[in-house]
Amino acid sequence: NPFAGLVSHLRASWLNGKTRPMEYRVAQLEALGRFLDEKKQEILEATASDLGKAPFETELSEILLCKNELHATLNNLSRWMKDEHVDKNLAMQLDSAFIRKDPYGVVLIIAPWNYPIHLFLVPLIGAIAAGNSVIVKPSEVSKKTERLVAEALPGYLDKDCFAVVTGGVQDTTRLLENKFDYIFFTGTSCSPPVGRIIMTAAAKHLTPVTLELGGKNPCYVSDTCDVTNVARRVAWGRFFNAGQTCIAPDYLLCTVEMQEKLLPALQKAIEDFYGPNPRESPDFGRIVSDKQFQRVQRLLGSGRVALGGQTDEAERYIAPTVLADVLPSDPAMQEEVFGPILPIVVIANMDEAIDFINARPRPLAIYAFSSNDKVVNQVLERTSSGGFCGNDTLMHVTLTSLPFGGIGNSGLGMYHGKFSFDTFSHRRGCLKRGMGREPLNAPRYPPYSQQNFRVIQATSRVTRKNDCTLL
Amino acid sequence: MERMQQIVGRARAAFKSGRSRPLEFRIQQLKALERMVQEKEKEILAALKADLNKSGPSAYSQEILGVLRELVTAMEKLPAWAAPQHVKKDLLSIRDEAYINYEPLGVVLVIGAWNYPFVLVMMPLIGAIAAGNAVVVKPSEVSENTAQLVAELLPQYLDKDLYAVVTGGVPETTELLTLRFDHILYTGSSSVGRIVMAAAAKHLTPVTLELGGKSPCYIDKDCDLAVACRRITWGKYMNCGQTCIAPDYILCDPSIQGKVVENIKATLKEFYGEDVKSSPDYERIINKRHFKRILGLLEGQKIAFGGETDEASRFIAPTILTDVSPESKVMEEEIFGPVLPIVTVKSVDEAIEFINLREKPLALYVFSNNKHLIRRVISETSSGGMTANDVIMHSVVPNLPFGGVGHSGMGAYLGKFSFETFSHRRACLIKDLRLEVVNKVRYPPGSMEMMHL
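Since we're looking at a predicted model, the values are computed, not measured.

### Examining the overall build of chain A
Now for step 1: Helices and strands together make up the secondary structure of chain A, namely 15 helices and 18 strands.
Now for step 2: Overall, chain A is about 85 × 55 × 35 Å in size when its C-alpha atoms are taken along their principal axes.
Now for step 3: Within chain A, the proportion of its 471 residues that are buried is 62%.
Now for step 4: Of the contacts formed within chain A by residues at least 6 apart in sequence, a portion of 73% connects residues at least 24 apart.
Now for step 5: Summed over all atoms, the accessible surface of chain A reaches about 17,200 Å², with 52% contributed by carbon and sulfur.

### Observations regarding the interface of chain B and chain A
Now for step 1: Counting residues at the interface gives 113 residues for chain B, matched by 108 residues for chain A.
Now for step 2: Taking both sides of the interface into account, the surface hidden between chain B and chain A amounts to around 9,000 Å²; carbon and sulfur atoms contribute 61%.
Now for step 3: Among the residues of chain B in contact with chain A, B:Leu204, B:Leu433 and B:Arg442 are the three that bury the most area, contributing 10% of the side total.
Now for step 4: Our enumeration of links across chain B and chain A arrives at 11 salt bridges.
Now for step 5: Among the ionic pairs, A:Glu438 bridges to B:Arg230, the shortest N-O distance being 3.8 Å.
Now for step 6: In this structure, the connection of chain B to chain A is made through 45 residue pairs in polar contact (both at pLDDT 80 or more).

### Looking at helix α6 (residues 143–152) of chain A
All names here are of chain A.
Now for step 1: Of all the residues in α6, the buried ones are Thr-145, Glu-146, Leu-148, Val-149 and Ala-152. Buried residues along α6 cover an arc of 165° about the axis, so they all sit on one side. Exposed side chains of α6 directed beyond 90 degrees from the buried face belong to Lys-143, Arg-147 and Glu-151.
Now for step 2: Turning to α6, the residues buried within the fold contact α2 (22–38), α3 (40–51), α5 (118–129) and β5 (162–164).

### Here's the deal with the side chain of B:Asp96
All names here are of chain B.
Now for step 1: The residue Asp-96 is located in the loop between β1 (85–86) and β2 (97–104) in this model.
Now for step 2: Classification of Asp-96 by relative accessible area gives buried; the value is 9%.
Now for step 3: Sequence-distant contacts of Asp-96, defined by excluding residues within four places in its chain, comprise Lys-89, Leu-429, Ile-430, Lys-431 and Asp-432.

### As for the UniProt feature "coiled-coil region" (unreviewed entry) in chain B
Now for step 1: The sites that UniProt annotates as "coiled-coil region" (unreviewed entry) are residues 23–50 of chain B.
Now for step 2: Annotated as 96% helix and 0% strand, the span residues 23–50 of chain B places its first and last C-alpha atoms 37 Å apart.

### Some points on the pairing of strand β16 (residues 385–388) of chain B
Now for step 1: Burial of the side chains of β16(B) extends over both faces: B:Gly385 and B:Thr387 are buried on one face and B:Met386 and B:Ala388 on the other.
Now for step 2: Here four bridges tie strand β18 (residues 425–432) of chain A to β16(B), and the two strands are oriented parallel to one another. Paired with A:Gly429 across the bridge in β16(B) is B:Gly385.
Now for step 3: Strand direction decides the pairing type here: strand β15 (residues 363–367) of chain B and β16(B), joined by four bridges, are parallel. Bridging across to β16(B), B:Leu364 finds its partner in B:Met386.

### Topic: the packing of aromatic side chains
Residue and element names in this part refer to chain A.
Now for step 1: One pass over the full model with this rule turns up 27 aromatic pairs over all chains.
Now for step 2: On the basis of an interplanar angle of 75° and a centroid distance of 4.7 Å, the ring pair of Phe-184 and Tyr-415 is categorised as edge-to-face. One end of the pair, Phe-184, is in strand β6 (residues 182–186); the other, Tyr-415, is in the loop between β17 (411–412) and α14 (417–423), and 231 residues separate them in sequence.
Now for step 3: Here Phe-184 falls in the buried class, since its relative accessible area comes to 0%.
Now for step 4: With a centroid separation of 6.0 Å and an interplanar angle of 80°, the aromatic rings of Phe-284 and Tyr-317 are classed as edge-to-face. Placement of Phe-284 in the loop between α10 (256–274) and α11 (290–298) and of Tyr-317 in strand β12 (residues 317–318) is noted, with a sequence separation of 33 residues between them. Note on accessibility: Phe-284 and Tyr-317 belong to one class, buried.

### Description of the environment of A:Leu32
Residue and element names in this part refer to chain A.
Now for step 1: The topology assignment puts Leu-32 in helix α2.
Now for step 2: Separated by 418 residues in the primary sequence, Leu-32 and Gln-450 place their C-alpha atoms 61 Å from one another.
Now for step 3: When near neighbours in sequence (up to four residues on either side) are disregarded, Leu-32 contacts Leu-70, Leu-121, Leu-124, Ile-125, Ile-128, Leu-153 and Leu-157.

### As for the pattern of salt bridges
Any two side chains of opposite charge can pair, on the condition that their charged atoms come close.
Now for step 1: This model, assessed by the stated rule, comprises 58 salt bridges over all chains.
Now for step 2: Between A:Asp83 and A:Arg100 there is a salt bridge, and its shortest N-O distance comes to 2.7 Å. Of the two residues, A:Asp83 is situated in the loop between α4 (55–81) and β1 (84–85) and A:Arg100 in strand β2 (residues 96–103); the sequence distance between them amounts to 17 residues.
Now for step 3: Residue A:Asp83 is classed as partly exposed on the basis of its relative accessible area of 27%.
Now for step 4: Owing to a relative accessible area of 15%, A:Arg100 belongs among the buried residues under this scheme.
Now for step 5: Beyond isolated ion pairs, a larger network of salt bridges with shared partners links A:Arg232, A:Arg233, A:Lys268, A:Asp272 and B:Glu436.

### Considerations on the side chain of B:Asn439
Now for step 1: Position of B:Asn439 among the secondary structure elements: in the loop between β18 (423–430) and α15 (448–451).
Now for step 2: Residue class for B:Asn439 comes out buried when judged on its relative accessible area of 5%.
Now for step 3: The residues contacting B:Asn439, other than those within four sequence positions of it, are A:Arg233 and A:Asp392.

### Thoughts on the UniProt feature "active site" (unreviewed entry) in chain A
All names here are of chain A.
Now for step 1: Annotation from UniProt places "active site" (unreviewed entry) at Glu-212 and Cys-246. Look at the named residues: they lie 35 residues apart in sequence, but the longest C-alpha span between them is just 9.1 Å, so in the fold they bunch up.
Now for step 2: Inspection of the secondary structure puts Glu-212 in strand β7 (residues 209–212).
Now for step 3: The exposure class assigned to Glu-212 is buried, which follows from its relative accessible area of 2%.
Now for step 4: Discounting residues that sit within four places of it in the chain, Glu-212 has contacts with Phe-184, Phe-185, Thr-186, Gly-187, Phe-404, Gly-405, Ser-410, Gly-413, Met-414 and Tyr-415.

### Some remarks on the pairing of β7(A)
Residue and element names in this part refer to chain A.
Now for step 1: Every second residue of β7 is oriented toward a common face, with Val-209 and Leu-211 on one face and Thr-210 and Glu-212 on the other, all of them buried.
Now for step 2: Sheet topology note: the β7/β17 ladder contains two bridges and is antiparallel. By the bridge assignment, Leu-211 is partnered in β17 with Leu-412.

Reading the values: rules and limits
Residues numbered from 1 in each chain as written. Chains lettered and ligands numbered in written order. Predicted model: local features only at pLDDT ≥ 70, side-chain atom pairs only at ≥ 80, totals over all residues. Heavy atoms only, no water. Helix = DSSP H or I, 4+ residues; strand = E, 2+ residues; numbered from the N terminus. Buried < 20%, exposed > 50% of the residue type's maximum accessible area, 1.4 Å probe, protein only. Contact = heavy atoms within 4.5 Å. Areas by Shrake-Rupley, 256 points an atom, 1.4 Å probe, with all protein chains shown as cover. Buried area = accessible area lost by both parts, 1.4 Å probe. Salt bridge = Lys/Arg side-chain N within 4 Å of Asp/Glu carboxyl O. Polar contact = N/O pair within 3.5 Å; in protein donor to acceptor, adjacent residues only side chain to side chain. Arc of directions from axis to C-beta. UniProt positions renumbered as here; feature names shortened; annotations may be inferred. Pairing = 2+ DSSP bridges. Phe/Tyr/Trp six-rings, centres within 6.5 Å; stacked < 30°, edge-to-face > 60°.

Printed below as a string of structure tokens:
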């Protein structure tokens, strides 16, 4: 077991209490902030190399959003760490009852390649804030970023409590043989079913997990809407990071009339964003690997190519593409697109759109666009998803006060902001009593009697309001 | 198997119909459950007596009082719990609606245990109903009378399609676990907990596992021994030791071991009289298998008190073992019986080390007049929950979560925590379709000035 030594070292440091003091956690978190500042250039270069990411996108998604999380955590850490005192009933008025936030121990964070800094760093912030030791396993697919993280990050953090482990599927499998106290995984749920594999491995050690997976995020556009604005917001969400975003609008649902209106609007949005030839725009990304490129390219044989469709294998470039009249049986509707292709599936009306969505596995996000509030609310109320955004895409995950997580096949658990801290903490119910006033306990002891029982009932009952409490 | 698929299928279809969504419906179902508990109190107590020889007042306070209280809490608080929670917004979202919507998960599976057979299916059921789910209940077949009763009663009071009971043993449960649920709450052993989680993993089903372990009880030299021992005796021997949060073993200095034994002996006489076997308040071991298992733990041990058994009635007397070796069998597995080993340690440091070398327990107890020592024990150990200067009681504080950590479990429930456990917290952001100018800064072509806004 090649990682056993590392895991036990981290666990020993944790058991010694090194990660408990708030000052320690703050110091580690501040060091993460310095990592983001001092290594910014390297991060921009690595993500540009791995994904052709535009500096703007990297600054926004891999640095700014991470810093927001960091600051929110540093601002609130002392409050989050405090024991939460709870209301007590009559019998316990003189006792102290509170929830203590205990760290779990050694946390394993497995990150994917599409936002290779953000998706290990934001969970890491939560895990450190909650007082855990952590092993970070960045994705081997985003090679340059993996190397950067493995080489640079350990220099910023306490080596006794934090480590980076690199490698591929074999290494991850060996790593999972060890007992962790929490496993946080972001990745795919379908092919291969890595989420299931991780949870099964976790089950052997009764390790709790958070799985941030994916799915096909539907985007419903009603007939009453400002087409220009819809097209811009949808295009932005779809083509950001060349479509490699777990919460990107995966496919559009609209009437045939709306499809006709959207196509020119989408074309204009794409041109506004990336110019007449997106291949030359510094703001449009590339597919991460040959394997992914080939997979996404295969999806082009769906419906008809209304916009884009050009590809270049050498560059792993796929143009911002819109496919019209896509059928549910087409390739683009069989798997999460995870590329810069937007299939449009035509439906007759909102009810049909809702039925379409509900006939499929629950996605990570659902989007609905309409000038009519009622339409947006209908879609929200009659569907189920990890999160929901009305009249925009992606934005619900930028608020640190909202939880981020999936449901069903799109995941279990959640994080961001305080939800990260809570995810990586065990909430321990604690009661401190005094040794005196023993006669008060007398009614609970054998020999049991109805009379004693009535005393217990009177002091511990919860009555409905308006109930008469006269015995 | 088909029968089970049908039952779960019907529950899912009933859930999809949406009728469990309105709060009025859920409250109506909870009210029906309340009526069931009140009207069928005699039958419930009779089943508990048949399964575990629980006496009337004992059974009522252990299994019915808590359920009634949970029902009242759920009915009162449901509107507040279920209300969308508006959250703090940032500058960009100042004109948007941002909130967390509490939504049901779908079909919840509740697997009960035999030691508190009624309350351990009812509490999760209440939470799952309150959160708007359909529920399949699988009571433990080991406490067969209660299982039978639950199977008969629930359909008489609740919506038959939404809330179903499945009975049976290991083969039936195994089959049930191959089907897809949207949350599984299991109460039982760690070894079966692993099996439940592995089965859940196939469907990516979230789980709450209420397991067990050896809950340590440290008695400091500086404490009122008489009071401490009375409280420990109560918690240890209630339900004949078959309580997941019973103090499993004692850690104390060798110099007070003798006094601890004397105090517990005296308390036992107070509670159960001279002849424990004839006390109506002392329960029995659930079945022969567990009876034999617990007997086996006594082999080679120094019995300071007790040790009498009667296989025919599955009676094991309240028993205390002294100078127990940490390596002995009785210190390896959760005892779950009326046998109390005492392991001597020279200091609280040794006690903490002893506890931390072992799997995290469901509960942890410490008795001391020294507040600083208590604080140390809490801060330097980990456990599902804990009580200082008493036992069991943290599990009845209305607003504390009840759950394990590590091998003692994952997730928590009771009260508001049940509602959260059985709900999906959906992040919702509703923006205006106008005001596009606000979005301009984020669109390409990107420029760094925009970043620094």
